[in-house]
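Reading the structure
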Amino acid sequence: MAELRPSGAPGPTAPPAPGPTAPPAFASLFPPGLHAIYGECRRLYPDQPNPLQVTAIVKYWLGGPDPLDYVSMYRNVGSPSANIPEHWHYISFGLSDLYGDNRVHEFTGTDGPSGFGFELTFRLKRETGESAPPTWPAELMQGLARYVFQSENTFCSGDHVSWHSPLDNSESRIQHMLLTEDPQMQPVQTPFGVVTFLQIVGVCTEELHAAQQWNGQGILELLRTVPIAGGPWLITDMRRGETIFEIDPHLQQERVDKGIETDGSNLSGVSAKCAWDDLSRPPEDDEDSRSICIGTQPRRLSGKDTEQIRETLRRGLEINSKPVLPPINPQRQNGLTHDRAPSRKDSLESDSSTAIIPHELIRTRQLESVHLKFNQESGALIPLCLRGRLLHGRHFTYKSITGDMAITFVSTGVEGAFATEEHPYAAHGPWLQILLTEEFVEKMLEDLEDLTSPEEFKLPKEYSWPEKKLKVSILPDMVFDSPLH
């Protein structure tokens, strides 16, 4: 539950928003992290000291459901000469550490990130005659914040969010999101660390798919060049009825397709409905089985494996130029992973001296034959995995959202994988790695061509390569929703 009021209205949990000129006595009572972010807001909007604000009635740290304490809403006049329309500017408070007393975030010092290290913003085109900002973006931001708090997966510029529903619950084609740096908000140094500002950008399904197949930054740059699709400040217009590819058909072939061919995809992993079976092991032999089978209870991923997979999914973008799987032991702050200083030596080998971890006790097994299972949405990403990742010497990970397991496809150019050309299928606990040669990838792409048009086939759908002892099934969602799976 939330309530709407001017941020200057008195309340038991939210005092008025002070600016740089706030009386010292009052400022000392105001949460320092909150005060620092308000200072940046006042820099941009000195004429709006008390914007409308959506506030959680019961704060998260008091047991409420909404992680964001506040979402402030400002009116931005834009710049007609620069094709920047008037719009509403939403800014969140709560993903960073506002209080510094460990009520929500663990205080780890001033040099690193404050809390999760960022706050969300959103720019929504103001409709003619609209006198007050719609409040639905605040609930959208709460939904993203809940995901961050629950999964401990943070966001980065260029990341995408598959939402599969109009952002405002209307009939709009804007049903997904990309994330980028806010064009006006500058990073803020607070007493509890640094806060950056990530802007939500609403996109159509076709634009999301292009970001998955290529990269989010490339699609964001295209959106910036099309005024009605976002323009320089990437302002979301929920009434936009055309994709950038319908507005300018040349963008798909000349920019996106060429980018995929040249750069590959920067999407290195997804959370998905997926599973795998070890077909080379008798079903009754589960003494050391780590496969995911109907009716069996999978063993949990080790801490090291979980860290590596979480890092893949958290980053989303493959920032290293060398094709290396993410480090097993990235530094941890506030209970989640953060990138270490850039290194070209990272691999699956631990650089930590702390070897007393259950990970070391789990034997890596070579498998003779495997069966991969995906739901339709996850299966549709296999061609992207093969063409956009493996053919460019990279890796791609599916992390199950219905069970504690993962599937990683690797190419021969990836360092540190426990799957090898001699033993292309290998399992470490419930984590399966599959190494595919370029020749086999090309063969699979030919056979899986209909996955790019999933509406044309009925489920279940099965693909098999007997000579490689590999089988892939595309199954209905209900198979993965079963409590036995």
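Below is a short write-up of the structure. Remember, predicted model here, so these are calculated numbers, not experimental data. (Residues numbered from 1 in each chain as written. Predicted model: local features only at pLDDT ≥ 70, side-chain atom pairs only at ≥ 80, totals over all residues. Heavy atoms only, no water.)

1. Some remarks on the sheet that holds strand 11 (residues 274–278)
Strand pairs in the sheet, formed through backbone hydrogen bonds, run parallel or antiparallel to each other. To be explicit about the condition: Any two strands with at least two DSSP bridges between them are considered paired. Think of it this way: any DSSP run of H or I at least four residues long counts as a helix, any run of E at least two long counts as a strand, and we number them from the N terminus. Note on definitions: angles span 0 to 180 degrees between N-to-C directions of axes, and those axes are lines fitted to C-alpha atoms, for helices only across the stretch in contact. By the convention used here, residues are in contact when the closest approach between their heavy atoms is within 4.5 Å.
With respect to topology, 4 strands assemble into an open sheet ordered 11-15-21-20, the strand pairing being mixed. Among the strands making up the open sheet, the edge pair consists of strand 11 and strand 20 (461–465). This sheet shows a mean twist of 15° between the axes of neighbouring strands, independent of strand direction. Across 5 bridges, strand 20 lies against strand 21 (residues 470–475) in antiparallel orientation. Bridging across to strand 21, Y463 finds its partner in V472. Helix-sheet contacts for helix 11 (residues 438–447) involve strand 20 and strand 21, and the interaxial angle to strand 20 is about 150°.

2. Points about the pattern of salt bridges
Note the cut-off: Salt bridge criterion: a side-chain nitrogen from Lys or Arg within 4 Å of a carboxyl oxygen from Asp or Glu. Exposure categories follow from relative accessible area, calculated using a 1.4 Å probe and restricted to protein chains: below 20% of the type maximum is buried, above 50% is exposed, and the middle band is partly exposed.
A full pass over the atoms with the stated rule returns 18 salt bridges. The closest approach of N and O atoms between R43 and E40, which form a salt bridge, is 2.6 Å. Of this pair, R43 and E40 both sit in helix 2 (residues 32–44), 3 residues apart, which is roughly one turn of that helix. We classify R43 as partly exposed; its relative accessible area is 46%. On the accessibility criterion, E40 (9% relative accessible area) is buried. One salt bridge connects K443 with D447, and the closest N-O pair in it is separated by 3.5 Å. Separated by 4 residues within a single helix, K443 and D447 lie in helix 11, roughly one turn from each other. For D447, a relative accessible area of 29% translates into the label partly exposed.

3. Observations concerning the side chain of H89
Selection criterion: Polar contact is defined as a pair of N or O atoms within 3.5 Å, subject to the rule that within protein one atom must be able to donate a hydrogen and the other to accept it, and that residues adjacent in sequence are counted only when both atoms are side-chain atoms.
Inspection of the secondary structure assignment puts H89 in strand 4 (residues 87–93). Accessibility expressed as a relative area gives 0% for H89, which makes it buried. A distance of 3.4 Å separates a polar atom in the side chain of H89 from a polar atom in the side chain of R123. Among all residues touching H89, those that are not within four sequence positions of it are L44, Y45, S72, M73, Y74, T121, F122, R123, D182 and M185.

4. Thoughts on helix 10 (residues 382–389)
In terms of burial, helix 10 is largely enclosed, as 7 of its 8 residues are buried. Listed as buried for helix 10 are I382, P383, L384, C385, L386, G388 and R389.

5. Some remarks on the packing of aromatic side chains
Rules: Paired rings are identified among Phe, Tyr and Trp, the last through its six-membered ring, by centres lying within 6.5 Å, and are further divided according to the angle between planes into stacked (under 30 degrees), edge-to-face (over 60) and tilted (the rest).
Summed over all chains, the structure comprises 16 aromatic pairs. Between F107 and F192 the ring centres are 5.9 Å apart and the planes differ by 85°, which places this aromatic pair in the edge-to-face class. Taken as a pair, F107 in the loop between strand 4 and strand 5 (113–125) and F192 in the loop between strand 8 (188–190) and strand 9 (193–203) lie far apart in primary sequence, 85 residues in all. Judged by centre distance (6.0 Å) and plane angle (85°), the ring pair of F440 and W465 falls under edge-to-face. With F440 in helix 11 and W465 in strand 20, the pair connects residues that are 25 residues apart, well separated along the chain. For the pair shown, F440 and W465 are each scored as buried.

6. Concerning the packing of helix 10 against helix 11
The test is simple: Crossing handedness follows the turn of the near helix against the far one: under a right angle anticlockwise gives a left-handed crossing, and clockwise gives a right-handed one. Gly is put with the polar residues, along with every residue not named as nonpolar or charged; the nonpolar set is Ala, Val, Leu, Ile, Met, Phe, Trp, Tyr, Cys and Pro, and the charged set is Asp, Glu, Lys and Arg.
Running from N to C, helix 10 and helix 11 point in directions that differ by 145°, and their axes come no closer than 10 Å. When you trace helix 10 past helix 11, the crossing you get is left-handed. Here P383, L386 and R387 of helix 10 come into contact with helix 11, specifically with V441, M444 and L445. Looking at side-chain class alone, the contact of helix 10 with helix 11 contains 5 nonpolar, no polar and 1 charged residues.

7. Observations regarding a nonpolar patch on the surface
Defined as follows: A patch consists of residues whose relative accessible area exceeds 30% and which take part in no salt bridge; residues with like charges are grouped when within 9 Å of each other, and nonpolar side chains (Val, Leu, Ile, Met, Phe, Trp, Tyr) when within 5 Å. Accessible surface area values rest on a Shrake-Rupley calculation with a 1.4 Å probe, where residue burial reflects the displayed protein chains alone.
Taken together, I57, V58 and L62 make up a surface patch of nonpolar side chains, about 270 Å² in accessible area. Residue position: L62 is located in the loop between strand 2 (52–56) and strand 3 (70–76).

By themselves these figures say nothing about function.
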